[in-house]
Amino acid sequence: LGAAALLLAGCGTGQIGESGGGTDPNNKNLAMITGMRGEPFYVSMECAAKEAAAAQGYQINVQAPEKFEQAEQSQILGGVISSKPGAVIIAPTDDKALAAPLKQAKSNGIKVVEVDTALQDRSIAVSSLSSDNYEGGKLAAQTLVRLLDGKTGSVLALNTKAGTSTTDARAKGFEDEIKKHPGLTLLPTQYTKNEPATAAQIVSSTLAATPDLVGVFGTNLNTGEGAGTALANAGKSGEVQLVGFDASPKQVDDLRNGRVQALIAQDPAQIGQKGVDRAIAAIKGEQVERETKTKMISITKDDMEQKKQFFYKSQC
Ligand code: T6T
């Protein structure tokens, strides 16, 4: 696709990123580093990326840290840089800490494409593909308000780790939207370290300390799963409304069985596929759109059967 066609096809900012120099246009090797091994959001992204690479005759080597942590991810990135791929497609687990090694990749002629999360420094990647996470947070709040149907009380947002660009933006969007509703009191956002058990503990202690808790927003898969467990253990499923983000097989089961009332699903396959397309275009020296926002949708039990295509995979 040429630049003009990309502008028409994407729903991003319309800015064109620099394609940079020093990359061998015939390099057919791509590397992908996702945020966490075996996690359905990233598995769905990886499966689509592998299909897109194979369809265009490129090799793709996919790796991920065991946990959503920058130390192991930086180490993996070091190995990837030495293997000299044409591009690295990465979900940086920290919006600052990964800047230095990614800058090194760039100066070694490796194109950097961000998928899902992004660095604060926008001068390193040629392109970023993600959901509009701020809008996703707002959508979660609007969905919660609809589910509450006029009920008033306290509301809690669970973030993962500060410095995760996606969940930080979701928590902010949620906060800005909830503040428009005087009947709802937003409790201070709490951090779960992206561990379901920590999310569950926080929700249990919040339930004990805040008898008027009416709603919880889990900003991603693990936080939502943990919050669902805590509400079920307290016998509060459906009484305290839970809106999750993502649509893993477990989250979909929880929606079906009433532990969760709504999910904001992303389109990780689209992110993975477009990430590969952008990487290949950048290797060839073509100009690529700097920022593209992919689809996102709110799903409840009532409409889940019609929105099955948004459910994530746990294997390819
Ligand atoms: O929500 C996704 C992803 O968008 C986020 O950046 C990190 O968490 C997930 O991978 C879900 O666990």
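Now for a description of the structure that goes with this document. Note that this is a predicted model, so its numbers are computed, not measured. (Residues numbered from 1 in each chain as written. Predicted model: local features only at pLDDT ≥ 70, side-chain atom pairs only at ≥ 80, totals over all residues.)

**A few points about the sheet that holds strand E2 (residues 29-33)**
The 6 strands lie next to each other as E3-E2-E4-E5-E6-E14, forming an open sheet whose pairing is parallel. One side of each edge strand has no neighbouring strand; the edge strands of this open sheet are strand E3 (59-63) and strand E14 (291-294). Across the sheet, the mean angle separating the axes of adjacent strands is 15° when strand polarity is ignored. Across 4 bridges, the pairing between E2 and strand E4 (residues 87-90) is parallel. Across the sheet, the residue bridging to Met32 is Ile89, located in E4. In this fold helix H10 (residues 268-283) packs onto E2, E3, E4, strand E5 (111-115), strand E6 (127-131) and E14, with an angle of close to 165° to the strand it touches most, E5. (Pairing = 2+ DSSP bridges. Helix = DSSP H or I, 4+ residues; strand = E, 2+ residues; numbered from the N terminus. Axes fitted to C-alpha atoms, helices over the stretch in contact; angles between N-to-C directions. Contact = placed C-beta atoms within 7 Å.)

**As for the environment of Ala230**
Tracing the backbone shows Ala230 in helix H8 (residues 221-233). Judged by the 24 C-beta atoms lying within 10 Å of it, Ala230 falls in the buried class. When the C-alpha atoms of Ala230 and Ile110 are compared, they prove to be 44 Å apart, with 120 residues separating the residues in sequence. Dropping the residues within four chain positions of it, Ala230 is found in contact with Ala200, Val203 and Ser204. (Buried ≥ 20, exposed ≤ 12 C-beta atoms within 10 Å, placed from the backbone.)

**Re helix H6 (residues 165-178)**
Compared with the 20 Å implied by 1.5 Å per residue over 14 residues, the 20 Å span of H6 between its first and last C-alpha is a close match. Of all 14 residues in H6, 11 are buried; the element is thus mostly enclosed. Those residues of H6 lying buried are Ser165, Thr166, Thr167, Asp168, Ala169, Arg170, Ala171, Gly173, Phe174, Glu177 and Ile178. Of the surrounding elements, those touching the buried residues of H6 are E6, helix H5 (133-148), strand E7 (153-159), strand E8 (184-186), strand E10 (213-218) and strand E11 (241-245). (Expected span 1.5 Å × (residues − 1).)

**Observations concerning the site of the ligand**
Neighbouring residues of the ligand: 13 residues in total, closest Phe41, Asp116, Thr166, Asn220 and Leu221. If you list the elements that add at least two residues to the shell around the ligand, you get helix H2 (40-55) and H8. Taken together, the residues of the shell around the ligand break down into 4 nonpolar, 6 polar and 3 charged. (Near = placed C-beta within 6 Å. Nonpolar A, V, L, I, M, F, W, Y, C, P; charged D, E, K, R; others polar.)

**Observations regarding unusual backbone geometry**
Backbone phi values are negative for most residues with the exception of glycine, while trans is the configuration of most peptide bonds. Backbone geometry at Lys193 places phi at a positive 60°, although glycine is not the residue there. Within the secondary structure layout, Lys193 lies in the loop between strand E9 (190-191) and helix H7 (196-209). Judged by the 15 C-beta atoms lying within 10 Å of it, Lys193 falls in the partly exposed class. At Asp246, a position not held by glycine, the phi torsion is positive, near 90°. Checked against the element boundaries, Asp246 lands in the loop between E11 and helix H9 (249-256).

**A closer look at the pairing of E3**
Residues of E3 alternate between two faces, with Ile60 and Val62 buried on one and Gln59, Asn61 and Gln63 left unburied on the opposite face. Here 5 bridges tie E2 to E3, and the two strands are oriented parallel to one another. Residue pairing for E3: Asn29 is matched across the bridge by Gln59. The β-α-β motif built from E2, the intervening H2 and the parallel element E3 has right-handed crossover chirality. (Right-handed = clockwise from strand over helix to strand, strands pointing away.)

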